[in-house]
Amino acid sequence: MVDLNYLRRHYASLSDDGLLAIDATELVDAARRIYDEEIAARGLEREEEEGGDDPEIEAAPGDVDRESTEETDGEPDWLGDATVAATFAVRAGTNSEDYAVEARDALEAAGIECHLSRIKIEPPQDPQPREELRLMIPSKLSFNATSVLDKEIFNREEEALWKAHFEELSDDELRAVDLRFILAGLRDRIERATRAYQEELAQREITPRR
């Protein structure tokens, strides 16, 4: 069973060398997307996969051609202090563009400012430029955006993985599943976030909004 939130934290905790050492060809699609997002967010460049007809090549810091960057809307004034909420690799035969627009719409519906950019990436040894869509948000809203995107977009994938996992179990194995144990990590994360927030409120002697 793949926990997408765990994978995001795990990949983020790895060094650049540790991240690049992962064999992306062995990852399931959902895990591969998260892996590609982390690679892109760090501006790393993976080696071409052997036997692949169309390997995904991410940008190294100097590989992005800023003059060929196409913005899907006007640039907001906070873009200079923005962070990437999500990236979507543009590949033939995928609905990544629709997926990116859906993510942008979810943030906007939640009242979170965002900006969707189309980036052309031109690695030195690849004559064909690659493209990715980057959903940018003000840095101070990163936790808010992560919550919205998880709830409205990414949790669907996680639900599908849970469903596929449970379908593979025998009757006895399914009956033996202990959801309290499986979900303990999620509950602990909620408790820790709540405690951190309440402690900061108390330290500042602030009364939370009702």
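Computed from a predicted structure; not experimentally measured.

Q: Would you take a moment to explain the confidence of the model for the protein chain for this structure?
A: When pLDDT drops low, the exact placement of atoms in the prediction is not to be read closely. The share of residues in the protein chain with pLDDT of 70 or more is 77%, and the mean pLDDT across the chain is 78. Predicted confidence for residues 48-72 stays below pLDDT 50, and this span has 57 contacts to residues more than four positions away or in other chains.

Q: Honestly, the packing of helix α4 (residues 96-109) against helix α5 (residues 142-168) in this entry has me stumped. Any pointers?
A: Axes are the key here: two packed helices are described by the angle between their axes and the distance separating the axes. Taken N-terminus to C-terminus, the directions of α4 and α5 make an angle of 140°; their axes are 9 Å apart at the nearest point. When the axis of α4 is compared with that of α5, the two are oblique. The way α4 lies across α5 gives a crossing that is right-handed. Taking contact as the criterion, the partners of Y99, E102, A103, A106 and L107 in α4 are, on α5, A145, V148, L149, E152, I153, F154, R156 and E157. Along the lines of polarity and charge, the residues of the contact of α4 with α5 split into 9 nonpolar, no polar and 4 charged.

Q: Can you help me understand the nonpolar core in this one?
A: One recurring pattern in soluble globular proteins is that nonpolar side chains are buried together. Of all hydrophobic cores here, the largest spans 19 residues; its most connected members are F88, L107, I112, L135 and L149. Broken down by secondary-structure element, the contributors of at least two residues to this core are β2 (82-90), α4, β4 (130-138) and α5. With 9 residues, the next largest nonpolar core counts A24, A31, Y35 and I39 among its residues.

Q: Quick question: what am I supposed to make of α5 here?
A: Side chains that are three or four residues apart share a direction in an α-helix, a result of its 3.6 residues per turn. Where α5 bends most, the angle comes to about 55°, and this point is F154. A145, V148, L149, D150, I153, F154, E158 and W162 are the residues of α5 that are buried.

Q: Sorry if this is basic, but what is going on with the environment of T146 here?
A: Along the polypeptide, T146 turns up in helix α5. For T146, a relative accessible area of 43% translates into the label partly exposed. C-alpha separation for the pair T146 and A86, spaced 60 residues apart in sequence, amounts to 8.8 Å.

Calculation rules
Residues numbered from 1 in each chain as written. Predicted model: local features only at pLDDT ≥ 70, side-chain atom pairs only at ≥ 80, totals over all residues. Heavy atoms only, no water. pLDDT = per-residue confidence, 0-100. Contact = heavy atoms within 4.5 Å. Axes fitted to C-alpha atoms, helices over the stretch in contact; angles between N-to-C directions. Helix = DSSP H or I, 4+ residues; strand = E, 2+ residues; numbered from the N terminus. Parallel < 35°, antiparallel > 145°, perpendicular 65-115°, else oblique. Left-handed = near helix turned anticlockwise from the far one by under 90°. Nonpolar A, V, L, I, M, F, W, Y, C, P; charged D, E, K, R; others polar. Core = buried A, V, L, I, M, F, W, Y, C linked by side-chain atoms within 4.5 Å. Buried < 20%, exposed > 50% of the residue type's maximum accessible area, 1.4 Å probe, protein only. Bend = angle between axes of the 7 residues up to and from the residue.

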